[in-house]
Amino acid sequence: MFKLRFRLISIVMLTILSVLAGLGIAIGQLFKEFHLDYTTERLQNDADLVSYLIEEDRLIDRDIQSFTNDVSQELDVRITIILMDGEVIGESSTDPSLMENHLKRPEIAELLEGNTSREIRYSETVDNELLYLAVPIMDGEEMVGIVRLGLPTSDIQEMNKQIWMVLIISFSLAAAVIFLVIYRVTSQMIRPIESVTDVANELAKGNFKARTVEGEQDEIGQLTKSVNVLASNLEHITKRHQLQKERMETLIENMGSGLILINMRGDISLINKTCRDIFNENTDKWDHQLYHDVIENKEITQLIQSVFMSEEKVQKQLTFEEHFELKYYDVHGAPVISHNGSFKGVAIVMHDITELKKLEQVRKDFVANVSHELKTPVTSIKGFSETLLDGAMYDEQFREKFLRIILKESERLQGLIHDLLELSKIEQQFFRLNLSRIKLAEAVEEAMTLLKDKSEEKSIELHLRVTGDTVVDGDFQRIKQIAINLINNAITYTPEHGRIDVLVKEERDQVVWSVSDTGIGITEQELHRIFERFYRVDRARSRNSGGTGLGLAIVKHLVEAHHAKIDVKSKVGEGTTFTLIFAKKQKEEWQRILEE
């Protein structure tokens, strides 16, 4: 609906435009007729002149064609000389001998009948529309021929266009001026009313900060003042309610648990955004829908039905599959009871306990793994100790053999406890590296020196290649520990006469370090698990070699502590490559630690 101002302006402007349009059409037609009459009068004068010259010089029986061409060029019109039988003897536009009989041309026929001989029609001879006018050639009282003049109507049309253009521009300017005047007058009259209307609409929408300009002390001024007082009162009343509502919405949307409110008819009246992640659907479309039509999980619908039927609290743990991962939720259903004790609906709260389940499972796995890893050496020590006590201690050969086994298992037990303590220390929040500017290649070289004898026992070729500047910000001993674990693993899982290549190279602002072996390799299914604690690719070989299953877990934590990256690529039967990427210069907070 148009505002009052524009309706008034529209009515007045439509009336004025209608009057101007009618006036313009009338004036345009008058000018058009005037110009046509003027052009016809000019042709009439020119035609009379040509007829007069022919009559005076008696040219109708002589070289009339030459005369026709000359006069046509002077007058800039088409001239045609026609005998009474319709034969064309003079034509300025073409050869007269090629023209057909003109006795039946409309302008000629009109002239012979004694009527006005003006005619506008299309000419095939000149391929254009012309204004024709014909006059008689007299010999005394006898008509001996006809002079016909033709003028292209394009000149007339062009003039008409100019006339219409002038009229349109003039009337448009007039309409614009009139519009501006009307707009100014109506604005002064309607603006206060529109302002009050806008404020009233804003108040209806809930915008209680809207105010209008208070005008003069007349009726409209009193109205604007009253509206402002009303808006101020409404703002104070609703501000507290709005604040409470915002607090409640913020709490519901960010509570971290899924919340669904269902009214007594079974329609979902409220659902928070956490439910979108739980159900992996656009739950915004669930508003005002029946819960059993949109919730596909049967266990949840059954729980809701139980609350509806019993009007008592119900609790249940449910499992959801999300992106090929199981999610665990502790679901609570409770009836919504009004202050007078009547049943109003059901509230469903869904707590995500997936992390708790994972932590519980990790704890169980850790206890089981530690127990299993400790059981083997403890059992061996206990068993061989009992054997020695049962009499084997008196046999020198068995005594030395069993004592060496006990020593080996003790060292293995000590290594396991050391790695557990080391991993626990690294995972602590207060763990800090001893940072300095170090040459990464030197740390790797020292680790290879320590493991050289072990590689020679299996006839494994151990090669190191260093290119560029390998200075980085890091902890020398921890990087050396990473190198020992990676190279020791490579030796353990590489068969005899194999090869291990260690490459340390500079790449722009990074140092890339890789350890490649020709060992047994790792399957694609196991790649993502090799950094888990106590996980072994070949359990028997790793355990027999004295491994604890914690080496790669320690490597991963130390790499992350250096803000570095580690990647693994492997093919079964061909070998494995560990690639580590260290930044040459760490971030500003690292620089501050280095300076300290």
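In this text the structure is predicted, and so the values were computed from the model without any measurement.

## Observations regarding the overall build of the chain
Point 1. Across its full length, the chain holds 17 helices and 17 strands.
Point 2. By sequence separation, contacts in the chain at least 24 residues apart represent 58% of the contacts at least 6 residues apart.
Point 3. Accessible surface for the chain amounts to roughly 36400 Å². Of this, 53% is attributable to carbon and sulfur atoms.

## Some words on the sheet that holds strand 10 (residues 343–352)
Point 1. Taken in spatial order, the five strands of this open sheet run 7-6-10-9-8, and their pairing is antiparallel. The open sheet has two edge strands with one neighbour each: strand 7 (268–271) and strand 8 (314–322). The sheet shows a mean angle of 20 degrees between the axes of neighbouring strands, direction not considered.
Point 2. When strand 6 (residues 258–263) meets strand 7, the two strands line up antiparallel, connected through three bridges. Paired with Leu 261 across the bridge in strand 7 is Leu 270.
Point 3. Its contacts with the sheet place helix 8 (residues 298–310) against strand 6, strand 8, strand 9 (325–337) and strand 10, and it is angled at close to 160 degrees to strand 8.

## Let's talk about the pattern of salt bridges
Point 1. Across all of its chains, the model carries 12 salt bridges by this definition.
Point 2. A salt bridge links Asp 473 to Arg 437; the nearest nitrogen and oxygen atoms lie 2.5 Å apart. Within this pair, whereas Asp 473 is found in strand 13 (residues 471–474), its partner Arg 437 is found in strand 11 (residues 436–439), the two being separated by 36 residues in sequence.
Point 3. Judged by its relative accessible area of 1%, Asp 473 falls in the buried class.
Point 4. What makes Arg 437 partly exposed here is its relative accessible area of 45%.
Point 5. One salt bridge connects Lys 584 with Glu 506, and the closest N-O pair in it is separated by 2.6 Å.

## A look at the side chain of Thr 470
Point 1. Looking at the secondary structure, you find Thr 470 in the loop between strand 12 (461–467) and strand 13.
Point 2. Side-chain polar atoms of Thr 470 contact the backbone nitrogen of Ala 441, separated by 3.5 Å.
Point 3. Among residues more than four places away in sequence, those in contact with Thr 470 are Ile 438, Lys 439, Leu 440, Ala 441, Val 504 and Val 511.

## Quick word on a nonpolar patch on the surface
Point 1. There is a patch of nonpolar side chains on the surface, built from Phe 6, Phe 179, Leu 180 and Tyr 183 and spanning about 370 Å² of accessible area.
Point 2. Among the elements that take part in the nonpolar patch, helix 4 (residues 153–205) stands out by supplying three residues, more than any other.
Point 3. Structurally, Phe 179 is set in helix 4.

## As for helix 11 (residues 440–450)
Point 1. Among the residues making up helix 11, those that are buried are Leu 440, Ala 441, Ala 443, Val 444, Ala 447 and Met 448. Mapping the buried residues of helix 11 onto a view down its axis gives an arc of 160 degrees, with all of them on the same face. In this structure, helix 11 carries Thr 449 and Leu 450 as exposed residues pointing more than 90 degrees from its buried face.

## Quick notes on the nonpolar core
Point 1. In terms of nonpolar packing, the biggest core is built from 37 residues, with Leu 440 and Trp 513 touching the most fellow members.
Point 2. Of all the secondary-structure elements, those providing two or more residues to this core are helix 11, helix 13 (476–492), strand 14 (499–507), strand 15 (510–517), helix 16 (551–561) and strand 17 (575–583).
Point 3. The dominant element in this core, judged by the number of residues it contributes, is helix 13, at eight residues.
Point 4. In contact with Trp 513, not counting residues within four places along its chain, are Leu 440, Val 444, Ile 479, Ile 482, Ala 483, Val 502, Leu 503, Val 504, Phe 578, Thr 579, Leu 580 and Phe 582.

How each quantity is defined
- Residues numbered from 1 in each chain as written.
- Predicted model: local features only at pLDDT ≥ 70, side-chain atom pairs only at ≥ 80, totals over all residues.
- Heavy atoms only, no water.
- Helix = DSSP H or I, 4+ residues; strand = E, 2+ residues; numbered from the N terminus.
- Contact = heavy atoms within 4.5 Å.
- Areas by Shrake-Rupley, 256 points an atom, 1.4 Å probe, with all protein chains shown as cover.
- Pairing = 2+ DSSP bridges.
- Axes fitted to C-alpha atoms, helices over the stretch in contact; angles between N-to-C directions.
- Salt bridge = Lys/Arg side-chain N within 4 Å of Asp/Glu carboxyl O.
- Buried < 20%, exposed > 50% of the residue type's maximum accessible area, 1.4 Å probe, protein only.
- Polar contact = N/O pair within 3.5 Å; in protein donor to acceptor, adjacent residues only side chain to side chain.
- Patch = residues over 30% accessible without salt bridge, like charges linked within 9 Å, V, L, I, M, F, W, Y side chains within 5 Å.
- Arc of directions from axis to C-beta.
- Core = buried A, V, L, I, M, F, W, Y, C linked by side-chain atoms within 4.5 Å.

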